[in-house]
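Topology and contacts: notes
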Amino acid sequence: QQQVKQSPQSLIVQKGGISIINCAYENTAFDYFPWYQQFPGKGPALLIAIRPDVSEKKEGRFTISFNKSAKQFSLHIMDSQPGDSATYFCAASNGDQAGTALIFGKGTTLSVSS
Amino acid sequence: SAVISQKPSRDICQRGTSLTIQCQVDSQVTMMFWYRQQPGQSLTLIATANQGSEATYESGFVIDKFPISRPNLTFSTLTVSNMSPEDSSIYLCSVARSTEAFFGQGTRLTVV
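Figured I'd write up the structure that's included with this text. (Residues numbered from 1 in each chain as written. Chains lettered and ligands numbered in written order. Predicted model: local features only at pLDDT ≥ 70, side-chain atom pairs only at ≥ 80, totals over all residues. Heavy atoms only, no water.)

1. Quick look at the layout of surface pockets
Quick note on the threshold: Only protein atoms enter the 1 Å grid used here. Points where a 1.4 Å probe fits but cannot escape make up a cavity, open sets with protein on both sides within 12 Å along at least five of seven lines make up a pocket, and a residue lines them when an atom lies within 4 Å of a point. Grid points are joined across faces, edges and corners, and a volume is the space filled by probe spheres set on the points. Helix and strand assignments come from DSSP, with helices taken as H or I runs of at least 4 residues and strands as E runs of at least 2, each series counted from the N terminus. Under this grouping Gly is polar, as are all residues other than the nonpolar Ala, Val, Leu, Ile, Met, Phe, Trp, Tyr, Cys and Pro and the charged Asp, Glu, Lys and Arg.
Empty space within the second largest pocket amounts to approximately 500 Å³. What lines the second largest pocket is a set of 27 residues, and nearest its centre among them are Thr87 of chain A together with Gln37, Pro39, Gly40 and Gln41 of chain B. Elements represented by at least two residues in the lining of the second largest pocket include exactly strand S9 (86–92) and strand S11 (108–113) of chain A together with strand S9 (89–97) and strand S11 (107–111) of chain B. Of the residues assigned to the lining of the second largest pocket, the class counts are nine nonpolar, 16 polar and two charged.

So this is what it looks like as structure tokens:
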């Protein structure tokens, strides 16, 4: 049973536009929600992460919005650039246990057209 | 952060053979994780490897097919045994520092 549902599967955005990727989780024990960016031929790289004690976290052009009651979180990429074209994965874990393995969403392939 | 080196980066193997993937971390870590990423798919956890104990496998993965070694706190290997074309995937090593997970660049395996 998939515990983290991610949408959309693919996304095409114009340069300068806003990219939005959504995730929903089921397990209320999850308390750590990272987003990973993966380029072809590379391993996933941590982009930004949030814990449920805050509703939003911003790092540069990347923002996570978190809705604990709805069990949803989303990634917003402002001023999207062609270099942002990659696959994005949301994930979740019970962060209280150091080293707990992550449960990943199915991924979103983002293409930013120039 | 963590620097993770995986070898080989890619390989093409004949069905029925085995391949051992190595993962080296730049500093000591308690847990190492092995993931599989099938073409166009997400990452699925294969097993968790603790130093000095048997690896813990996730549902659908067994030790006979994916034996894991963890001889010390900076190194682990994953063997893909008796390979079939269905094993063609990217295999990724991961470590955790606090709650952040870091990944190697992966091993792209093609079984023919």
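2. Here we look at the sheet that holds strand S6 (residues 56–59) of chain A
Residues and elements named next belong to chain A. Operational definition: Strand pairing is assigned whenever DSSP identifies at least 2 bridges connecting the two strands. Axis geometry follows a simple rule: fit a line to the C-alpha atoms, using only the stretch in contact for helices, then measure angles between N-to-C directions, giving values from 0 to 180 degrees.
One open sheet accounts for five strands, arranged S1-S3-S8-S7-S6; its pairing is antiparallel. In the strand order of this sheet, the two ends are held by strand S1 (4–7) and S6, each with one partner. Within the sheet, the average angular offset between the axes of one strand and its neighbour, ignoring direction, is 15 degrees. Pairing of strand S7 (residues 62–67) with strand S8 (residues 72–77), which is carried by six bridges, proceeds in the antiparallel orientation.

3. A word on the packing of aromatic side chains
All names here are of chain A. Our working definition: Working definition: rings of Phe, Tyr and Trp (its six-membered ring) pair if their centres are within 6.5 Å, and the pair is stacked with planes under 30 degrees apart, edge-to-face with planes over 60 apart, and tilted otherwise. Partly exposed residues are those whose accessible area sits between 20% and 50% of the maximum for their type, while under 20% is buried and over 50% is exposed, using a 1.4 Å probe and protein chains only.
Per the counting criterion, the structure on display carries 16 aromatic pairs over all chains. Relative to Phe73, the ring of Trp35 has its centre 5.7 Å away and its plane inclined at 70 degrees; by these criteria the two rings are edge-to-face. Of the two residues, Trp35 sits in strand S4 (residues 33–38) while Phe73 sits in strand S8, which places them 38 residues apart along the sequence. Phe73 shares its class with Trp35; the two are buried.

4. Quick look at the environment of Ala49 of chain B
Examined against the element boundaries, Ala49 of chain B turns out to sit in strand S5 (residues 43–50). Residue class for Ala49 of chain B comes out buried when judged on its relative accessible area of 1%.

5. Let's talk about the state of the cysteines
To keep things clear, this is the line we draw: Pairs of cysteine sulfur atoms within 2.5 Å are identified as disulfides in what follows.
Considering all chains together, one arrives at two disulfides over all chains under this definition. Each disulfide pairs two cysteine sulfurs, and for Cys23 of chain A the partner residue is Cys90 of chain A, the sulfurs being separated by 1.8 Å. Its torsion about the S-S bond being -90 degrees, the disulfide of Cys23 of chain A and Cys90 of chain A is classed as left-handed. Residue Cys23 of chain A is located in strand S3 (residues 19–25), and its partner Cys90 of chain A is located in strand S9; the two are separated by 67 residues in the primary sequence. Residue Cys23 of chain A shares its accessibility class with Cys90 of chain A, and that shared class is buried. Unpaired in terms of disulfides, Cys13 of chain B finds its nearest cysteine sulfur in Cys23 of chain B, a separation of 18 Å. Cys13 of chain B sits in the buried class, given a relative accessible area of 8%.

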